[in-house]
Amino acid sequence: MQFNRIIGHEALKQQLIATVRENRVSHAQLFLGPEGSGSLALAVAYAQFINCENKQENDSCGQCASCTKYEKLIHPDLHFSYPFFAKDKNDTANTFIESWRNAFLSNPYMSLSFWREQLEADNKQANINIAEAHSIIKKLSLKAFEAEYKVLIMWLPEYLDTQGNALLKLIEEPPEKTLFLLVAENQDKILNTIISRTQLVKVNKLSYEKLKQFLIQDKQIEPNRANEIAFIADGNIQSALTQLEEEANTNFDLLIRWLRFIVTDSGLNIIQICEEELSKLGRENQKLFLVYSINIIRQIVLLNQGMPNLVFLKDSELEFVQKFSEITTLEKLETAIDLLEKTHYSVERNANPKILFLDLSLQLVLLFKYNTFPQGAQYI
């Protein structure tokens, strides 16, 4: 993986390259970025650059013996650790290494859900077990075979739990020329004892324009479709790739009709659209629709609060947002977002979609048509 194949993050790439040029490579680093931001790909590209035998000004050469092996993830001094779904207590990451290589090479922006789909996970919980912690200690105690640095890239250390304590001494005082690169999405779920022993590398989510450009140029997506996908994905490349696998997206048309029935309190039409359309989208498309709706309402909030320069919608979507912002209030919009987020949470947990969307619709009718806000302890 070379830096030039990773979308965006130009300043961060230069920062990482500078640490190598100036001999400031910290032995334990935490790449922290949201899902689909490219943090895992950046960690692999960084490790490849460090061990490249013919470093270029802004990237690894991609042709030396080290780079050739890194490109296939088969370098003997490159080790990976990641959550897996153990069938036996003695399973380690190495048990699933072929599946891991295939998954990363096909999608370096992968999420845990994508990784889960590559394995026979059933209902098992993902974790990094104690057997894996002991395996890491054993592997890194050996001398390097070929490269200057032995590198361990641990994806999602959030799943280490208390097993991570077995690695503390190794992370704090590793063998010479040993590099730990931890790639995480949620800092709050990582053991504080691990965070305190690492140098933070902050990876921001991809910008809307960069993601849209990627979809148009690399994926040959028509601009209007790319605009909608980038808007829903909100910087998450994995989310954008998932949407590409779905059928043509009609979220805008569906949202317009649904809200029209809501603000006019058209009861029969609300029941019909909930039962015949929204409930039949399928769970993933229902989640995408709700995320799209939340993002649209957030754009309405920006216009409602006099910040049109932050709105990046175009054509019919922009026209709708402008009109809606003139007939509502910030309090209503904030409440609507809260209701949509709660529904998204319930969809993820397999709630009955007919009941769920009908209940949501009726609460939005009360909100937008009759100025009645939800009652309950959570709103006090």
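It should be noted that the structure appears before, not after, this text.
From a predicted model like this one, the values you see are computed outputs, not experimental measurements.

A. Just the overall build of the protein, in detail. Helix and strand content of the protein: 17 helices and five strands. Within the protein, buried positions represent 52% of all 380 residues. Considering only intrachain contacts with a sequence separation of at least 6, the fraction spanning at least 24 residues in the protein is 73%. Here the protein has roughly 18700 Å² of accessible surface; of this, 48% comes from carbon and sulfur atoms. Where the 39 positive side-chain charges of the protein centre and where its 48 negative ones centre are 4 Å apart.

B. Highlighting the pattern of salt bridges. By the definition in use, this model includes 15 salt bridges. Among the salt bridges present, the one from Arg197 reaches Glu172, with a minimum N-O distance of 3.3 Å. With Arg197 in the loop between helix H8 (192-195) and strand E5 (199-202) and Glu172 in helix H7 (residues 168-172), the pair connects residues that are 25 residues apart, well separated along the chain. Classification of Arg197 by relative accessible area gives partly exposed; the value is 25%. For Glu172, a relative accessible area of 44% gives the class partly exposed. For the salt bridge of Asp234 with Lys205, the shortest nitrogen-to-oxygen distance reads 2.8 Å. Here Asp234 is found in the loop between helix H10 (223-233) and helix H11 (237-245), whereas its partner Lys205 is found in the loop between E5 and helix H9 (208-217), with 29 residues between them in sequence.

C. Up close: the nonpolar core. By size, the foremost hydrophobic cluster in this structure holds 105 residues, and its most contacted members are Phe31, Ile153 and Trp258. Ignoring sequence-local partners within four residues, the contact set of Phe31 consists of Leu16, Ser39, Leu42, Ala43, Tyr46, Leu181, Leu182, Val183, Ala184, Val201 and Val203. Counting 20 residues, the second-largest nonpolar core is a separate cluster that includes Leu32, Phe180, Ile190 and Ile195.

D. Broad picture of the packing of helix H12 (residues 251-263) against helix H15 (residues 315-325). Close contact between H12 and H15 brings their axes to 11 Å; oriented N to C, the two are set at 20 degrees. Regarding the angle of H12 to H15, the classification is roughly parallel. For the pair H12 and H15, the crossing hand works out as left-handed. Contacts from Phe252, Ile256, Leu259 and Val263 of H12 reach H15 at Ser316, Glu317, Phe320 and Phe324.

E. Seen up close, the sheet that holds strand E3 (residues 150-155). Spatially, the five strands line up as an open sheet ordered E2-E3-E4-E1-E5, and their pairing is parallel. Pairing within the sheet leaves two strands with one partner each, and these edge strands are strand E2 (78-81) and E5. Averaged over neighbouring strand pairs, the angle between their axes works out to 20 degrees when direction is ignored. Here E3 runs beside strand E4 (residues 178-184); their pairing, made up of six bridges, is parallel. Each bridged residue has a counterpart across the sheet, and for Leu152 the counterpart in E4 is Phe180.

F. Region of interest: the environment of Ile337. Checked against the element boundaries, Ile337 lands in helix H16 (residues 330-348). Residues Ile337 and Arg298, 39 residues apart in the sequence, show an inter-C-alpha distance of 7.9 Å.

G. Representation of the packing of aromatic side chains. The final tally for this structure, using the stated rule, is 13 aromatic pairs. Taken together, a centroid distance of 5.4 Å and an interplanar angle of 80 degrees make the contact between Tyr82 and Trp115 edge-to-face. Placement of Tyr82 in the loop between E2 and helix H4 (97-106) and of Trp115 in helix H5 (residues 112-117) is noted, with a sequence separation of 33 residues between them. Plain terms: the ring middles of Phe231 and Tyr292 are 5.7 Å apart, the flat faces sit at 85 degrees to each other, and that makes the pair edge-to-face. On the criterion of sequence distance, the pair formed by Phe231 in helix H10 and Tyr292 in helix H14 (residues 283-304) is long-range, its members being 61 residues apart. For the residue pair Phe231 and Tyr292, the accessibility class agrees, reading buried in each case. Sitting above the plane of the Tyr345 ring, Arg349 keeps its charged end 3.7 Å from the centroid.

Cut-offs and rules
Residues numbered from 1 in each chain as written. Predicted model: local features only at pLDDT ≥ 70, side-chain atom pairs only at ≥ 80, totals over all residues. Heavy atoms only, no water. Helix = DSSP H or I, 4+ residues; strand = E, 2+ residues; numbered from the N terminus. Buried < 20%, exposed > 50% of the residue type's maximum accessible area, 1.4 Å probe, protein only. Contact = heavy atoms within 4.5 Å. Areas by Shrake-Rupley, 256 points an atom, 1.4 Å probe, with all protein chains shown as cover. Lys, Arg positive; Asp, Glu negative; His and termini not counted. Charge placed at Lys NZ, Arg CZ, Asp CG, Glu CD. Salt bridge = Lys/Arg side-chain N within 4 Å of Asp/Glu carboxyl O. Core = buried A, V, L, I, M, F, W, Y, C linked by side-chain atoms within 4.5 Å. Axes fitted to C-alpha atoms, helices over the stretch in contact; angles between N-to-C directions. Parallel < 35°, antiparallel > 145°, perpendicular 65-115°, else oblique. Left-handed = near helix turned anticlockwise from the far one by under 90°. Pairing = 2+ DSSP bridges. Phe/Tyr/Trp six-rings, centres within 6.5 Å; stacked < 30°, edge-to-face > 60°. Lys NZ or Arg CZ within 6 Å of the ring centre and 35° of its normal.

This is a description of form; function is not addressed.
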